[in-house]
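# Commentary on secondary and tertiary structure
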Amino acid sequence: MKKSSIILFNIAVLLVTLFVGTDKAVAQVDTQLSQYWAMPAYYNPAATGRTDYIHIMGGTRMQWVGIKKAPRAFLVGADMPLKLFKKRFGVGIMVQQESLGLFSNMDFGAQASYKLKLFKGELSVGLQFGLFDQKFKGSDVKLPSGDDFHQDADDAIPENDLHGTAFDLNLGVFYTHKWFWAGLSVTHVTEPTVSLNTEDGTSETLFESQAGRMFYFMAGSNIPIKNTLFEIQPSLMVKSDFSFVQPEVTARVRYNKFLSGGVGYRYNDGVTIQIGAEFKNFFVGYSYDYPTSAISKVSSGSHEVFVGYNVKLNLSEKNKNKHKSIRIM
């Protein structure tokens, strides 16, 4: 076995060990995306540099519309392939900002992946390292008073604005073949603990928050329908922290590499309707989630929008700086 293959195998074993070696349940901070297939590198850094494009994608998700201070997220990412020492790599960046209640989180990461030809496909191992930043708007806390059931103050609830930052790490493996793709990843490997202090840094640490480790399996395919301009694009994602497991399946149909639409189902959560359009080097996608849980009594659902842009790269030695725009996917 080649040395590079041995390295990739050992990293894959490490990932599996992480999957089966934890029983700790802490807070989940990753944004839930219905169009996970459009931005796999958000969950798996090994999905960077899969094609010969500079790939830029941004999106926003408005969760549970109708509920005050429900989660709102914004994401932007960019990745590209890179050839170095006759080896293929992927590099990228990923930024996520989410507000939920009185908390706001920002996760910034730099991504890198190493690629290897395997079984007529490409195996990639990647990592993302960066910072997990969290704020708590304690100045907006309103404690009920004037009755026998509430106190005017509670030492467990901060009433000052707090802020903290911690190192964060994600790992993943990803395999791409002509007919399918699949990936296994772990986010927040170190379960970063954020020490929350007043924003001017004058007070000692009294509060801590922890980002929980989360595990993901994603897979999908592109199946052309013979003698037509249609393609079927099924995909799935399973996430777990070993205190719960939540699978999600999606079925999309694309026409003439231009228009697409489909439906999805997230277990014990909701159904989704998705539409998208591709034109030259641009992509735009929208999804609507209708909750099937009790939350439907107070929310009309969730909305998600993604916009993408691709630029073709020439990775050959000749004219290596030449590039042109092409149609996405």
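Structural data are supplied above this passage.
Here we summarise the structure given alongside this text.

Rules used throughout
Residues numbered from 1 in each chain as written. Predicted model: local features only at pLDDT ≥ 70, side-chain atom pairs only at ≥ 80, totals over all residues. Heavy atoms only, no water. Helix = DSSP H or I, 4+ residues; strand = E, 2+ residues; numbered from the N terminus. Contact = heavy atoms within 4.5 Å. Salt bridge = Lys/Arg side-chain N within 4 Å of Asp/Glu carboxyl O. Buried < 20%, exposed > 50% of the residue type's maximum accessible area, 1.4 Å probe, protein only. 1 Å grid on protein atoms, 1.4 Å probe; cavity = no way out; pocket = protein on both sides within 12 Å on 5 of 7 lines; lining within 4 Å. Points joined across faces, edges and corners; volume = space filled by probe spheres on them. Nonpolar A, V, L, I, M, F, W, Y, C, P; charged D, E, K, R; others polar.

Right, let's talk about the overall build of the protein chain for a bit. In terms of regular secondary structure, the protein chain is built from 1 helix and 18 strands. Contacts spanning at least 24 positions in sequence make up 56% of the contacts within the protein chain whose residues lie at least 6 apart.

Our next topic: the pattern of salt bridges. Scanning the model with the defined rule gives 11 salt bridges in all. Across the salt bridge formed by Glu-122 and Arg-88, the nearest N and O atoms sit 3.5 Å from each other. Within this pair, whereas Glu-122 is found in strand β5 (residues 121-137), its partner Arg-88 is found in strand β3 (residues 87-100), the two being separated by 34 residues in sequence. Arg-88 carries the same exposure label as Glu-122, and that label is buried. In this structure, Arg-266 and Glu-248 form a salt bridge, with 3.0 Å as the shortest nitrogen-oxygen distance.

So, on to empty space enclosed by the protein. Applying the stated criterion to the full structure yields 3 cavities of 30 Å³ or more. By volume, the largest cavity amounts to about 70 Å³. Lining the largest cavity are Asp-30, Tyr-42, Met-94, Gln-96, Asp-107, Gln-128, Asn-170, Thr-187 and His-188. The class makeup of the residues in the lining of the largest cavity is 2 nonpolar, 5 polar and 2 charged. Its boundaries defined by the atoms lining it, the second largest cavity holds a volume of some 50 Å³.

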